[in-house]
Amino acid sequence: METIQIKGTDLNVSRIGLGTWAIGGWLWGGTDEGKALLTIESALDHGINFIDTAPVYGQGFSDELVGKAVERSGKRNRFVLATKTGLEWTENGASVFRNSTRERILKEAEDSLRRLRTDVIDLYQVHWPDDRVPFEETAEAMSRLYRDGKIRAVGVSNFSPSQMESFRKAAPLHTAQPPYNLFERGIESDVLPDCQEKGVATVMYGALCRGLLSGRMAKDTTFPGDDLRSWDPKFQAPRFEMYLEAVEKLDRFALERFGKRVIHLAVRWMLDRPGVSVALWGARNPVQLGPVDELWGWKLDSKAMREVDDIIETSVTDPVGPEFMAPPHRE
Ligand code: NAP
């Protein structure tokens, strides 16, 4: 496992972080608690010490499962626990909206500390920018938690460079968590260079493009229950077939060039991009973490990077981004 020191903190994290949205069940068609706990516990076996969760994932359930698994392992000191704040929901997550007021942030921190069964959150991130609240107010609340020792590092997620600039006026900023993967490259023109310039560590989400880059999908794959992929525009015909064709070509390339598969290529590519600190890997059962062990000891050089770009540019003629996931503001 490669590791990285988050600048301005004493956090040394694995470059693969375990993403626990699906573990919370909400918008992923439900969860299996037993498998979820085993997945979190097995992270350390793959060298993963960094766990990313959020209160909204299962409306507290993902936070709780992380807390339970970490406590059960008896190895709290070996884990770096990251959670988030700034989203509010109505019962069972029927409606989710942004709320980054001071009051909401301070309340959510106490809720997450309790659910995570810890006295300090290692990385606390504002989940989505809430421009109905002055960024300084949000940042001051985060800064207070930091000064009080309730959180060890401050992060934001889905923020633009100018939003990060406003935030930084009232708080330290150690990490940014934007969406990034082979098919979703929007941040390459703004967030990524900005974070590099300012020395902000990047924690990328969606490395597998919600499973599309795993190589397990076919055009007849269906997504039961409330699984967000049943309305994610990438997974709808005819666009889905177009992406699957690109995945097939990338898989062939990975095999011929590196003796690997598309799932390895997608994440190795990410780790080899300048400015990328950590790639989150969403998993809901321990088996899904198996391919993590195949990421080490090889790299994509600039020629391989160009070939990958060529495959995508020629196959994906009607791309679409991850914007469909953005939660609304309060009424
Ligand atoms: P992801 O990591 O791109 O994809 C995760 C999905 O890929 C899994 O749920 C699983 O789906 C599939 N998968 C994983 N390993 C696999 C394997 N070995 N073989 C086949 N399929 C495999 O998507 P994500 O969960 O959306 O993103 C990762 C994490 O980033 C989240 O858990 C969360 O912590 C974070 N995130 C943050 C934000 C934000 O706004 N800050 C937004 C999204 C995500 P199936 O089992 O269903 O096939």
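Above this note sits the structure.
Residues numbered from 1 in each chain as written. Predicted model: local features only at pLDDT ≥ 70, side-chain atom pairs only at ≥ 80, totals over all residues. Heavy atoms only, no water.

J.: How do you make sense of the pattern of salt bridges when you look at a structure like this?
T.: A side chain of one charge can pair with a side chain of the opposite charge if their charged atoms are brought near each other. Overall, the coordinates contain 35 salt bridges when judged by the stated rule. We note a salt bridge from Arg117 to Glu71, for which the minimum N-O separation is 2.8 Å. Taken together, the residues span a long stretch of sequence, with Arg117 in the loop between helix H4 (102-115) and strand E8 (123-126) and Glu71 in helix H3 (residues 61-73) at a distance of 46 residues. Overall, the relative accessible area of 44% leaves Arg117 in the partly exposed class. A salt bridge links Arg210 to Glu184, with the nearest nitrogen and oxygen atoms 2.7 Å apart. You can see Arg210 sitting in the loop between strand E11 (201-204) and helix H8 (239-258) and its partner Glu184 sitting in the loop between strand E10 (175-177) and helix H7 (191-198), a full 26 residues away along the chain. Overall, Glu184 belongs to the buried group, its relative accessible area being 4%. Among the charged side chains, a network of salt bridges with common partners joins Glu2, Arg15, Arg268, Asp272 and Lys299. (Salt bridge = Lys/Arg side-chain N within 4 Å of Asp/Glu carboxyl O. Helix = DSSP H or I, 4+ residues; strand = E, 2+ residues; numbered from the N terminus. Buried < 20%, exposed > 50% of the residue type's maximum accessible area, 1.4 Å probe, protein only.)

J.: Can you help me understand the side chain of Thr138 in this one?
T.: Structurally, Thr138 can be placed in helix H5 (residues 135-147). When neighbours within four sequence positions are excluded, Thr138 is seen to be in contact with Ser100, Ile105, Val126, Val133 and Phe167. (Contact = heavy atoms within 4.5 Å.)

J.: For this particular structure, what's the right way to read helix H2 (residues 33-42)?
T.: Since the α-helix turns once every 3.6 residues, residues separated by three or four places project in the same direction. Within H2 the residues assigned to the buried category are Ala36, Leu37, Thr39, Ile40 and Ser42. In this structure, the buried side of H2 is in contact with strand E3 (16-19), helix H1 (21-24), strand E4 (50-52) and H3. By the N-cap criterion, in which a side-chain oxygen at the helix start approaches the backbone nitrogen of a residue two or three places on, H2 is capped by Asp32, the distance to Gly34 being 3.1 Å. (Polar contact = N/O pair within 3.5 Å; in protein donor to acceptor, adjacent residues only side chain to side chain.)

J.: How should I be thinking about the packing of helix H6 (residues 161-168) against H7 in this particular structure?
T.: The relative placement of two packed helices comes down to the angle between their axes together with the axis-to-axis distance. Where H6 contacts H7, the two axes come as close as 9 Å, and the packing angle between them is 35 degrees. Along its contact with H6, which presents Pro161, Met164, Glu165 and Arg168, the element H7 presents Val191, Asp194, Cys195 and Lys198. (Axes fitted to C-alpha atoms, helices over the stretch in contact; angles between N-to-C directions.)

J.: What am I meant to see in the site of the ligand here?
T.: Not every one of the 30 residues close to the ligand is listed here, only the nearest: Asp52, Arg216, Arg229, Arg284 and Gln288. Contacts to the ligand include Asp52, whose side-chain N or O atom sits 2.7 Å from an oxygen atom. The backbone of Arg210 places a nitrogen or oxygen atom 2.8 Å from an oxygen atom of the ligand. In isolation the ligand has 900 Å² of accessible area, and contact with the protein removes 94% of it. Ranked by residue count, the leading element in the shell around the ligand is strand E12 (residues 278-282), at 3 residues. A class-by-class count of the residues in the shell around the ligand yields 13 nonpolar, 11 polar and 6 charged. (Near = heavy atom within 4 Å. Areas by Shrake-Rupley, 256 points an atom, 1.4 Å probe, with all protein chains shown as cover. Nonpolar A, V, L, I, M, F, W, Y, C, P; charged D, E, K, R; others polar.)

J.: Looking at this model, I keep getting lost on the environment of Gly199. Mind explaining?
T.: Residue placement: Gly199 occurs in the loop between H7 and E11. The exposure class of Gly199 is partly exposed, given its relative accessible area of 23%.

J.: Mind showing me how you'd approach the side chain of Lys84 here?
T.: Residue placement: Lys84 occurs in strand E5 (residues 80-85). Here the side chain of Lys84 touches Thr53 through a polar contact of 3.1 Å, landing on its backbone oxygen. Separated by 3.1 Å, the side chains of Lys84 and Tyr57 make a polar contact. If near-sequence neighbours (up to four positions away) are discounted, Lys84 is found in contact with Asp52, Thr53, Ala54, Pro55, Tyr57, Tyr124, Gln125, His127 and Gln177.

J.: Which parts of the structure should I look at to understand the packing of aromatic side chains?
T.: In this description, a pair of aromatic rings is defined by centroid distance and the angle of the planes. One pass over the structure, following the stated rule, counts 11 aromatic pairs. Their ring planes at 40 degrees and their centres at 5.4 Å tell us that Tyr180 and Trp269 sit as a pair that is tilted. Note that Tyr180 is positioned in the loop between E10 and H7 and Trp269 in helix H9 (residues 262-271), a separation of 89 residues in sequence. The exposure classification of Tyr180 matches that of Trp269, with both residues buried. Summarising the aromatic geometry, the rings of Phe183 and Tyr243 are spaced 4.8 Å apart at their centres and angled 65 degrees between planes, so their arrangement reads as edge-to-face. On the criterion of sequence distance, the pair formed by Phe183 in the loop between E10 and H7 and Tyr243 in helix H8 is long-range, its members being 60 residues apart. On the basis of relative accessible area, Phe183 is assigned to the buried category, the value being 8%. By relative accessible area, Tyr243 is classed as buried at 0%. When the ring centre of Trp89 is taken as origin, the NZ or CZ atom of Arg104, which lies over that ring, is 5.4 Å away. (Phe/Tyr/Trp six-rings, centres within 6.5 Å; stacked < 30°, edge-to-face > 60°. Lys NZ or Arg CZ within 6 Å of the ring centre and 35° of its normal.)

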